[in-house]
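Take a look at the letters that make up each chain.
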Amino acid sequence: MGTLVAPSLLAADFGNLERDCKMVNASDADWFHIDVMDGVFVPNISFGMPVIKSIAAHAKKPLDVHLMIVEPERYIDAFADLGSDVLTVHYEASTHLNKTLDSIRGKGMKAGVALNPHTPVDLLEPIINDIDVVCIMSVNPGFGGQRFIETTYQKVSKLRGIIEENNATTLIEIDGGVTDQNAKRLVELGADVLVAGSFVFSSENPQETIKGLKNI
Ligand code: DX5
Ligand code: ZN
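About the thresholds
- Residues numbered from 1 in each chain as written.
- Chains lettered and ligands numbered in written order.
- Predicted model: local features only at pLDDT ≥ 70, side-chain atom pairs only at ≥ 80, totals over all residues.
- Heavy atoms only, no water.
- Near = heavy atom within 4 Å.
- Polar contact = N/O pair within 3.5 Å; in protein donor to acceptor, adjacent residues only side chain to side chain.
- Areas by Shrake-Rupley, 256 points an atom, 1.4 Å probe, with all protein chains shown as cover.
- Helix = DSSP H or I, 4+ residues; strand = E, 2+ residues; numbered from the N terminus.
- Nonpolar A, V, L, I, M, F, W, Y, C, P; charged D, E, K, R; others polar.
- Contact = heavy atoms within 4.5 Å.
- Buried < 20%, exposed > 50% of the residue type's maximum accessible area, 1.4 Å probe, protein only.
- Right-handed = clockwise from strand over helix to strand, strands pointing away.
- Salt bridge = Lys/Arg side-chain N within 4 Å of Asp/Glu carboxyl O.
- Donors = N, O, S within 2.8 Å, 3.2 Å for Na, K, Ca; no water.
- Tetrahedral: all angles 85-135°; square planar, octahedral: opposite > 155°, others 65-115°.
- Pairing = 2+ DSSP bridges.
- Axes fitted to C-alpha atoms, helices over the stretch in contact; angles between N-to-C directions.
- Phe/Tyr/Trp six-rings, centres within 6.5 Å; stacked < 30°, edge-to-face > 60°.
- Lys NZ or Arg CZ within 6 Å of the ring centre and 35° of its normal.

## Concerning the site of ligand 1
Stage number 1. Around ligand 1, the surrounding shell holds 20 residues, and the nearest of these are Asp 35, Asp 175, Gly 177, Gly 197 and Ser 198.
Stage number 2. Here an oxygen atom of ligand 1 and a side-chain polar atom of His 66 are 3.2 Å apart.
Stage number 3. Gly 197 places a polar main-chain atom, nitrogen or oxygen, 2.8 Å from an oxygen atom of ligand 1.
Stage number 4. When ligand 1 sits alone it has 380 Å² of accessible area, and the protein chains cover 99% of it.
Stage number 5. Within the residue set of the shell around ligand 1, elements represented by two or more residues are strand E2 (32–37), strand E3 (63–68) and strand E8 (193–196).
Stage number 6. Of the residues in the shell around ligand 1, the class split is 8 nonpolar, 10 polar and 2 charged.

And the structure:
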């Protein structure tokens, strides 16, 4: 499997969401990355259900939903009904994480766990086989356009080791500050999915930028 690329719609032009969704549909991108922020777990509020529904209506590729919200288990059914393919909750926001992952899979979605920069990957070892995607945050969640945190590289290698030792099929996703400057090393160390917001949408030719990341 080659590297998967998931453009983050947080960096799209909200006045032209249909146009930007069509751009992603026509590109080499694999997933739509959708950042849901509640103003509590993270300081920022992104968008809610009506906006996500219209993204879902235009998107022709799997929806990779990243919940940066407290009590994410309350919204599992809503995101399943919306047609989410991957539903990712934060380790720091879910007290009964194993149960939450079970409920997500029970609804036919892939279960994801996101880790803030300070949260060690080792914590996931006991349940690694219950996780379809680990999203390693390479910025502090809440905003697009931040600088990549360099210690992410070590977390990727360590997690790759844990996945192999446990014969797991978990994908490693990197989210935050991904550019052509760090993507190659991330993939070499074992990343499977690259999320990119501003690097894609602020570039002159977003489709070429996506292609570049895919073939890094
Ligand atoms: C940050 C979000 C990211 C963000 C990435 O809280 O989870 O998905 O949109 O944006 P860039 O690529 O601009 O850092
Ligand atoms: Zn995200």
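## A few points about the side chain of Ser 138
Stage number 1. For Ser 138, the position within the fold is in the loop between strand E6 (133–137) and helix H5 (152–165).
Stage number 2. Here the side chain of Ser 138 touches Gly 176 through a polar contact of 2.7 Å, landing on its backbone oxygen.
Stage number 3. The residues contacting Ser 138, other than those within four sequence positions of it, are Arg 147, Phe 148, Ile 149, Thr 152, Ile 174, Asp 175 and Gly 176.

## Digging into the pairing of E2
Stage number 1. Along E2, 6 of the 6 residues are buried, which leaves the element largely enclosed by surrounding structure.
Stage number 2. Handedness of the β-α-β unit built from E2, helix H2 (residues 49–58) and E3 comes out right-handed.

## Topic: the pattern of salt bridges
Stage number 1. Enumeration over the complete set of coordinates arrives at 10 salt bridges.
Stage number 2. Here Lys 158 makes a salt bridge to Asp 122, at a shortest N to O gap of 3.7 Å. With Lys 158 in helix H5 and Asp 122 in the loop between strand E5 (110–115) and E6, the pair connects residues that are 36 residues apart, well separated along the chain.
Stage number 3. Judged by relative accessible area, which is 46%, Lys 158 ranks as partly exposed.
Stage number 4. With a shortest N-O distance of 4.0 Å, Lys 211 and Glu 208 are connected by a salt bridge. Highlighted residues: Lys 211 and Glu 208, both in helix H8 (residues 206–214), separated by 3 residues, approximately one helical turn.
Stage number 5. With a relative accessible area of 37%, Lys 211 lands in the partly exposed category.
Stage number 6. Through salt bridges with shared partners, a single network forms among Asp 13, Arg 19 and Asp 20.

## Some words on the coordination of the zinc ion (ligand 2)
Stage number 1. Within the first shell, the zinc ion (ligand 2) binds the protein through His 33 (NE2), Asp 35 (OD), His 66 (ND1) and Asp 175 (OD), at distances of 2.0 to 2.3 Å.
Stage number 2. Considering all 6 donor atoms around the zinc ion (ligand 2), angles at the metal cover 69 to 168 degrees and the coordination shape is octahedral.
Stage number 3. Residue class for Asp 175 comes out buried when judged on its relative accessible area of 7%.

## Re the sheet that holds E5
Stage number 1. Ordered by their spatial adjacency, 8 strands build an open sheet running E1-E8-E7-E6-E5-E4-E3-E2, and the pairing between neighbours is parallel. Looking at strand neighbours, the two that pair on one side only are strand E1 (4–7) and E2, the edges of this open sheet. Between one strand axis and the next, the sheet turns through 20 degrees on average, direction left out of account.
Stage number 2. Pairing analysis gives 4 bridges linking E1 to E8, with the strands arranged parallel. Following the sheet pairing, Val 5 is matched in E8 by Leu 194.
Stage number 3. Together, strand E4 (86–90) and E5 form the strand contacts of helix H4 (residues 97–106), whose direction differs from that of E5 by roughly 145 degrees.

## A closer look at the packing of aromatic side chains
Stage number 1. Counted by the stated rule, this structure contains 2 aromatic pairs.
Stage number 2. Between Phe 14 and Phe 47, the aromatic rings sit 5.7 Å apart at their centres with planes inclined by 70 degrees, giving edge-to-face as the arrangement. Taken together, the residues Phe 14 in the loop between E1 and helix H1 (17–26) and Phe 47 in the loop between E2 and H2 connect sequence positions 33 residues apart.
Stage number 3. Here Phe 14 falls in the partly exposed class, since its relative accessible area comes to 44%.
Stage number 4. We classify Phe 47 as buried; its relative accessible area is 7%.
Stage number 5. Between Phe 148 and Tyr 153, the ring centres sit 5.3 Å apart and the planes meet at 55 degrees, which makes this aromatic pair tilted. Taken as a pair, Phe 148 and Tyr 153 share a single burial class, namely buried.
Stage number 6. Above the plane of the ring of Tyr 153 lies Arg 185, whose end atom (NZ or CZ) is 3.9 Å from the centre.

In short, the description is geometric, and any link to function would need to be established separately.
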